[in-house]
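Per-entry structural report
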Protein chains: 2
Amino acid sequence: MVDAIETLIDEVRLLYHRAVQVAEDLHRQEPVTVGMRAVLEFLDHQGPAAVPHIARSRLVSRQHIQTLVNALRRLKLVETRPNPAHRRSSLVELTDDGRRLINRMRNREADRLAGARLTPTRSELLRAARTLRDLRAALGDVQ
Amino acid sequence: MVDAIETLIDEVRLLYHRAVQVAEDLHRQEPVTVGMRAVLEFLDHQGPAAVPHIARSRLVSRQHIQTLVNALRRLKLVETRPNPAHRRSSLVELTDDGRRLINRMRNREADRLAGARLTPTRSELLRAARTLRDLRAALGDVQ
């Protein structure tokens, strides 16, 4: 059983690194890193959010997200506004430029993936995603 | 289809971060990081190897592996010896201390995993690992 988990975690690590490589290669001409892209995508899916909330959802440190948000602000891809719920942590939201950029990146990724001759089927992909989620739950994450 | 890939890649990213968190927490008292642990495990599984070979197998930069190897050498967990195949890149191998450490870490991980109430079965885990490998192949990695 433990060997099966180790095999899976090892594939997770390799696919993670490969996905980062592909994304970096694909978006070479854009001013954002893979980490900054993840923040833009989060805001596009979830709407405006505070830094601590983004950090918790992404399982990374608050400081890490704050650094990414600062870089995105300098590029005018996100802006911050007062948070009605918490006076001390403002809400981060996409600017129009930020929304255009993340859409452009996602379209480029979709084109790249459509061009890959994919052996796993859609249902295999979703099944694997559920297994990964179950394993993450067993490791004490996921509510 | 693209949405299924995005769902899976997102789970990969989350499980990767969670696995790193769990490992850091579990081995807090050890002198090695998660990256250093991965190098020790690689050498334990594959035997002595040169830095460029480790880097290619792990899909990370040669410089990154060199930094980890330097840190492991300072701790006397690995040592280097001449490479009969390549005069310019020496072979890295585990010392006895390095082998003892990686075994201790893997036993601790096995205990932690055995204690998790696991919902995915062994065959689900291996099936997901195969799907991840297929996706990685479609993304142009895997020979």
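Attention in this report is confined to the structure presented alongside it. Predicted model, so just to flag it, every value in this text is computed and none were measured.

The rules behind the values
Residues numbered from 1 in each chain as written. Chains lettered and ligands numbered in written order. Predicted model: local features only at pLDDT ≥ 70, side-chain atom pairs only at ≥ 80, totals over all residues. Heavy atoms only, no water. Pairing = 2+ DSSP bridges. Helix = DSSP H or I, 4+ residues; strand = E, 2+ residues; numbered from the N terminus. Contact = heavy atoms within 4.5 Å. Axes fitted to C-alpha atoms, helices over the stretch in contact; angles between N-to-C directions. Buried < 20%, exposed > 50% of the residue type's maximum accessible area, 1.4 Å probe, protein only. Polar contact = N/O pair within 3.5 Å; in protein donor to acceptor, adjacent residues only side chain to side chain. Core = buried A, V, L, I, M, F, W, Y, C linked by side-chain atoms within 4.5 Å. Phe/Tyr/Trp six-rings, centres within 6.5 Å; stacked < 30°, edge-to-face > 60°. Buried area = accessible area lost by both parts, 1.4 Å probe. Least-squares fit on C-alpha atoms with pLDDT ≥ 70 in both.

Section: the sheet that holds strand E2 (residues 78–81) of chain A
Residues and elements named next belong to chain A.
- Here we have 3 strands laid out as an open sheet, ordered E1-E3-E2, and antiparallel in their pairing. Two strands bound the open sheet, and with one partner strand each, they are strand E1 (49–50) and E2.
- With 4 bridges connecting them, E2 and strand E3 (residues 91–94) associate as antiparallel partners. Following the sheet pairing, Glu-79 is matched in E3 by Glu-93.
- This element, helix H2 (residues 34–46), spans E1, E2 and E3 of the sheet and lies at about 90° to E3.

Re the side chain of Arg-18 of chain B
- By secondary structure assignment, the location of Arg-18 of chain B is in helix H1 (residues 2–26).
- Note on Arg-18 of chain B: relative accessible area 15%, which makes it buried.
- Polar side-chain contacts of Arg-18 of chain B include one of 2.7 Å to the backbone oxygen of Leu-139 of chain A.
- Separated by 2.8 Å, the side chains of Arg-18 of chain B and Gln-21 of chain B make a polar contact.

Re the nonpolar core
- Of all hydrophobic cores here, the largest spans 32 residues; its most connected members are Leu-8 and Leu-132 of chain A together with Leu-8 and Leu-132 of chain B.
- Going through the elements one at a time, helix H1 (2–26) and helix H6 (122–138) of chain A together with H1 and helix H6 (122–138) of chain B are the ones with two or more residues in this core.

Examining the packing of aromatic side chains
- Tallying each qualifying case throughout the model produces 1 aromatic pair over all chains.
- Ring geometry for Tyr-16 of chain A versus Tyr-16 of chain B: centroids 4.0 Å apart, planes at 10°, classification stacked. With Tyr-16 of chain A in helix H1 and Tyr-16 of chain B in helix H1, this residue pair bridges two chains. For the pair shown, Tyr-16 of chain A and Tyr-16 of chain B are each scored as buried.

Quick word on the sheet that holds strand E3 (residues 91–94) of chain B
- Pairing is antiparallel in the open sheet, where 3 strands are placed in the order E1-E3-E2 (chain B). Two strands close off the open sheet at either side, each with one partner strand: strand E1 (49–50) and strand E2 (78–81) of chain B.

Comments concerning the interface of chain A and chain B
- Between chain A and chain B, the residue contacts involve 55 residues of the former and 55 residues of the latter.
- Around 5,700 Å² of area is buried between chain A and chain B when both sides are counted, 66% of it from carbon and sulfur atoms.
- When the area that chain A buries against chain B is broken down by residue, the three leading residues are Leu-15, Tyr-16 and Leu-139 of chain A, summing to 12%.
- Where chain A meets chain B, there are 12 residue pairs in polar contact (both at pLDDT 80 or more).
- Elements with a minimum of two residues in the side of chain A that touches chain B: H1, H2, helix H3 (51–58), helix H5 (96–115) and H6 of chain A.

With respect to the environment of Ser-90 of chain A
Residue and element names in this part refer to chain A.
- Locating Ser-90 in the fold gives a position in the loop between E2 and E3.
- The spacing of Ser-90 and Pro-52 is 38 residues in sequence and 10.0 Å in space, taken between C-alpha atoms.
- Once residues within four sequence positions are removed from consideration, Ser-90 is found in contact with Ala-49, Ala-50, Val-51, Thr-80, Arg-81, Pro-82 and Asn-83.

With respect to the side chain of Thr-131 of chain A
- Relative to the helices and strands, Thr-131 of chain A resides in helix H6.
- In terms of polar contacts, Thr-131 of chain A uses its side chain to reach the side chain of Glu-124 of chain B, at 3.1 Å.
- Not counting residues within four places of it along the chain, the set of residues in contact with Thr-131 of chain A comprises Pro-120, Glu-124, Leu-125 and Ala-128 of chain B.

So, the relation of the copies chain A and chain B
- For these two chains of identical sequence, chain A goes onto chain B by a turn of 180° and a shift of 0.0 Å along the axis, with RMSD 0.0 Å. Overall, the copies show the geometry of a two-fold rotation axis. Scanning chain A for the C-alpha nearest the rotation axis identifies Ala-128 of chain A, at a separation of 2.3 Å.
- Looking at the interface residues of chain A, 100% of them are also at the interface in chain B, so both copies use one shared face.

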